[in-house]
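# Observations on the model geometry
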Amino acid sequence: MEYSDKVMDYFMNPKNMGTMEEPDGVGEVGNPSCGDQMTIQIKVEDDRIVDIKFKTFGCAAAIATSSMVTELARNKTLDEALQLTNQEVEEELGGLPPIKRHCSLLAEEGLEAAIENYRSKQEGNS
Amino acid sequence: MENSLIYLDHNATTPVAPEVLQAMQPFHREQFANPSSPYRIATEAAQARETAREAVAELLGCKSQEIIFTGCGTEADNLAIKGVGFARRQQGNHIITTKIEHHAVLKSCQWMEKQGFELTYLDVDETGRVSPEQVERSLRDDTILVTIMHANNEVGTVQPLQEIGELLADKQAYFHTDAVQTAGKIPFTVEDLKVDLLSISAHKIYGPKGVGALYRRQGTTLQPLLHGGRHENNLRAGTENIAGIVGLGAAARLARKNLAESADKRVAELRDRLEAGLFEKITDLKFNGNRNHRLPTTVNLSFNYIEGEAMLLHLDAHGIAVSSGSACTSGTLDASHVLLAMGVPVELAHGSLRFSLGYENTEADIQRVIDLLPGIVRKLREISPLYPGEQ
């Protein structure tokens, strides 16, 4: 099984890794017993993702896809971000080995969960 | 040193030793004859095969006619299990094995179930050991075979085969062991273990890939897997891999020499140094295995909050080769069946690394792992949402 150079780069030097003070939305997906778990935090201004952070427990593909999805979502409006697919994440990384495709799904779901969490909080406030 | 390989995956395979390679060399071009042919160079090839058989027999403490050469350790396991099953169907239908066997045994047993045999898969304790009492309780009048590995490839736990062999002595069940991880690595004979069948593989002991052997105690009935010529006493048809067989013989001789010089103890010292060094520098570390009954080469550890493949790839980037029981390195989505059978929680099974040392490893190799791995673990824990921070 071989990873692309880009997967290895995002795995070894992940971008947007970490946590933030007072995030506007938090998405938590996966399960450690399945081998991967991911947390995404977003900061939203004028319906746009202005900051985004992640933490991931998982293999190289899980870490690389988490990092890539945060890169792709940054500065997008929430609706634009929701249109991001796991295929786009995969393509940006130069592909994934077939057995690792499910990892990119986790990244997509993590972002969706963070946006949903933000929106449900907004509804609660209005 | 920065770019040189530090190989710590000897339970997966070993490099061919120079003296083994040298012994094999002539059998590719000069002495290429088919040993079944009647002319002189063929007789020489047959002679080389028999010399190798004697060397393997000496390593295992058996007669040379009790050795059957096979294409690999997996084939030896398959021949033992299927060969006994189909040879003894009149005597019974029940086979006993364990939950922590290598897939060569486990999948063979599962296939036997599909052929109508009844299988018992024994549990192990938290150190990976089978209890002889449990074997005794599982025995039935129609048990024809008990197959229990000598030492586990992932955690290195050595099984109490001698005790199990003793309680099987007056039973009809044959006793087979997969000794692929122990033959040539720890001293024993087939009489010590009281087994009827025992599988070995050349490439785990500095021999070539593509050759193994099955010890078959005289009088043990077996059906062949491969039908064809009269090779290997009618039990394994196919023109012999003479270069490979000569390599296995040379590897067996080398293993005896190394054991006589206590090379196993030197490896165990390095292994203990590695284990102690990592425990000293890394928190939330779990030992998997049995410190009193363990291969000298092996240490298996689980690193809480992080995943094995991620650690493995970071080590690989530094030229250090290890293996992991994580699902992500197995080509499936399942964590190690061995660690799970030992009761290791799934997330800790995903976060496991196996270091398996060999005779060529040095203190400098070990020190480099002790220097590098704590930083890798720290980095991955920073990325992990499960990590609560230093307590």
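Residues numbered from 1 in each chain as written. Chains lettered and ligands numbered in written order. Predicted model: local features only at pLDDT ≥ 70, side-chain atom pairs only at ≥ 80, totals over all residues. Heavy atoms only, no water.

### Considerations on the sheet that holds strand 9 (residues 285-288) of chain B
Residue and element names in this part refer to chain B.
- With antiparallel pairing, three strands are arranged side by side in an open sheet as 9-10-12. Among the strands making up the open sheet, the edge pair consists of strand 9 and strand 12 (352-356). When strand polarity is set aside, the average angle formed by the axes of neighbouring strands in this sheet is 30 degrees.
- The pairing of strand 10 (residues 298-303) with strand 12 spans five bridges and is classified as antiparallel. Paired with Val299 across the bridge in strand 12 is Phe355.
- Against the sheet, helix 10 (residues 263-281) makes contact with strand 9, strand 10 and strand 12, and its axis sits at roughly 15 degrees relative to strand 10, the strand it touches most.
- Each of strand 10 and strand 12 touches helix 11 (residues 308-317); the most contacted strand, strand 12, lies at about 45 degrees to it. (Pairing = 2+ DSSP bridges. Helix = DSSP H or I, 4+ residues; strand = E, 2+ residues; numbered from the N terminus. Axes fitted to C-alpha atoms, helices over the stretch in contact; angles between N-to-C directions. Contact = heavy atoms within 4.5 Å.)

### A word on helix 2 (residues 40-60) of chain B
All names here are of chain B.
- Its 21 residues give helix 2 an end-to-end C-alpha distance of 30 Å, which sits within 8% of 30 Å, the value for a rise of 1.5 Å per residue.
- Burial in helix 2 covers these residues: Ala42, Ala45, Ala46, Ala48, Arg49, Ala52, Arg53, Ala55, Val56, Ala57, Leu59 and Leu60.
- Residues of helix 2 that are buried make contact with strand 2 (67-70), helix 7 (190-193), strand 7 (197-201), strand 8 (212-216), helix 8 (231-234) and helix 9 (242-260).
- Just downstream of helix 2, Gly61 is the residue with a positive phi angle, here 70 degrees. (Expected span 1.5 Å × (residues − 1). Buried < 20%, exposed > 50% of the residue type's maximum accessible area, 1.4 Å probe, protein only.)

### Quick look at the interface of chain A and chain B
- In this complex, chain A contributes 26 residues to the contact, which on the side of chain B involves 22 residues.
- Carbon and sulfur atoms supply 71% of the area that chain A and chain B bury against each other, a total of about 1,800 Å² over both sides.
- Linking chain A with chain B are one salt bridge, by the criterion used here.
- We note a salt bridge from Glu309(B) to Lys100(A), for which the minimum N-O separation is 3.1 Å.
- Along the contact surface separating chain A from chain B lie seven residue pairs in polar contact (both at pLDDT 80 or more).
- For the side of chain A that touches chain B, the elements supplying multiple residues, two or more each, are helix 1 (5-12), strand 2 (36-45), strand 3 (48-57) and helix 2 (60-73) of chain A.
- At four residues, the largest contribution of residues to the side of chain A that touches chain B is made by strand 3 of chain A.
- Considering only residue class, the side of chain A that touches chain B consists of 16 nonpolar, eight polar and two charged. (Buried area = accessible area lost by both parts, 1.4 Å probe. Salt bridge = Lys/Arg side-chain N within 4 Å of Asp/Glu carboxyl O. Polar contact = N/O pair within 3.5 Å; in protein donor to acceptor, adjacent residues only side chain to side chain. Nonpolar A, V, L, I, M, F, W, Y, C, P; charged D, E, K, R; others polar.)

### With respect to the sheet that holds strand 4 (residues 118-122) of chain B
Residues and elements named next belong to chain B.
- The strand order 2-8-7-6-5-3-4 describes an open sheet built from seven strands, whose pairing is mixed. In this open sheet, the two edge strands, each paired with only one partner strand, are strand 2 and strand 4. With direction set aside, neighbouring strand axes in the sheet form an average angle of 20 degrees.
- Where strand 3 (residues 94-98) lies against strand 5 (residues 143-147), three bridges are found, and the strand directions are parallel.

### Thoughts on empty space enclosed by the protein
- Within this structure, the stated rule accounts for two cavities of 30 Å³ or more.
- Roughly 90 Å³ of volume is contained in the largest cavity.
- Here the lining of the largest cavity is composed, by residue class, of six nonpolar, six polar and two charged.
- Every residue along the wall of the second largest cavity is listed here: Thr56(A), Phe57(A), Gly58(A), Ile63(A), Tyr305(B), Ile306(B), Glu307(B), Ala310(B), Leu380(B) and Ser384(B).
- Class assignment of the residues belonging to the lining of the second largest cavity gives a composition of six nonpolar, three polar and one charged. (1 Å grid on protein atoms, 1.4 Å probe; cavity = no way out; pocket = protein on both sides within 12 Å on 5 of 7 lines; lining within 4 Å. Points joined across faces, edges and corners; volume = space filled by probe spheres on them.)

### A look at the side chain of His314(B)
- Mapping His314(B) onto the fold places it in helix 11.
- Taking the relative accessible area as the measure of exposure, His314(B) reaches 6% and is therefore buried.
- Discounting chain neighbours no more than four positions away, the residues touching His314(B) are Phe11(A), Met12(A), Ile376(B), Lys379(B) and Leu380(B).

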